[in-house]
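# Examining the three-dimensional arrangement
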Amino acid sequence: MQRGQIDLAIGGFDQPAAPGDHEPLFCDDYVLVGRRGHPRLDAPLTLDAFWTLAFVAVCRASVPSGRAYPLNAALNNRGLVSAVVPDHLTAFIVASTTAAVVIAPTRLAEYYTCRLDLCCRRIPFAVPPLVIAAVR
């Protein structure tokens, strides 16, 4: 956009654009996603149990800050990231075949739960919502 090669971008952005150029479209919460029958996700998830899970972090190389989704830095600092992948579909596939879990936007997670035999659980603490916006 800064080079004048595109007119519109839609997504979640780290930095808001200049006033008037940024239009929020919708918000989405985050959920924890793991394979159906995951032994740690069958019972209600406590905060202590959350911090002992193995995570697949989603981080696109094209994101200059390296931050694509919340908690990646916190998980990495605690040594809980078992894999880093470039997109949620890959993360869901890893989660569907391993004991690792993924933090994902609710709408996206719900789309893939029946397709990949996954389940969604609430994260046991508040996470800021994902704001999807149009930037012109």
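Above this text sits the structure in question.
We now turn to the structure provided with this report. (Residues numbered from 1 in each chain as written. Predicted model: local features only at pLDDT ≥ 70, side-chain atom pairs only at ≥ 80, totals over all residues. Heavy atoms only, no water.)

### Side note on the sheet that holds strand E2 (residues 22-28)
Taken in spatial order, the 3 strands make up an open sheet running E1-E8-E2, and their pairing is antiparallel. Two strands lie at the open edges of the sheet, namely strand E1 (9-11) and E2, each paired on one side alone. With direction set aside, neighbouring strand axes in the sheet form an average angle of 15 degrees. Note: E1 against strand E8 (residues 130-135), 3 bridges, orientation antiparallel. Across the sheet, residue isoleucine 10 finds its bridge partner in E8, namely alanine 134. (Pairing = 2+ DSSP bridges. Helix = DSSP H or I, 4+ residues; strand = E, 2+ residues; numbered from the N terminus. Axes fitted to C-alpha atoms, helices over the stretch in contact; angles between N-to-C directions.)

### Things to note about the sheet that holds strand E3 (residues 30-35)
The 3 strands are arranged E6-E3-E7 in an open sheet whose pairing can be described as antiparallel. Looking at which strands have only one partner, the edges of the open sheet turn out to be strand E6 (102-105) and strand E7 (118-121). Across this sheet, the average inter-strand angle for adjacent strands is 40 degrees, counted without regard to direction. Sheet topology note: the E3/E7 ladder contains 4 bridges and is antiparallel. Considered in E7, the bridge of leucine 32 is made with arginine 121. Of the strands in this sheet, E3, E6 and E7 are in contact with helix H3 (residues 88-97), which crosses E6 at around 135 degrees. Running over the sheet, helix H4 (residues 106-116) touches E3, E6 and E7 and is turned about 150 degrees from E7. (Contact = heavy atoms within 4.5 Å.)

### Considerations on the pattern of salt bridges
Summed over all chains, the structure comprises 2 salt bridges. We note a salt bridge from glutamate 23 to arginine 136, for which the minimum N-O separation is 2.6 Å. One end of the pair, glutamate 23, is in strand E2; the other, arginine 136, is in the segment after E8, with 113 residues separating them in the sequence. By relative accessible area, which is 37% here, glutamate 23 ends up partly exposed. Two residues, aspartate 117 and arginine 36, come together in a salt bridge whose shortest N-O distance is 2.9 Å. (Salt bridge = Lys/Arg side-chain N within 4 Å of Asp/Glu carboxyl O. Buried < 20%, exposed > 50% of the residue type's maximum accessible area, 1.4 Å probe, protein only.)

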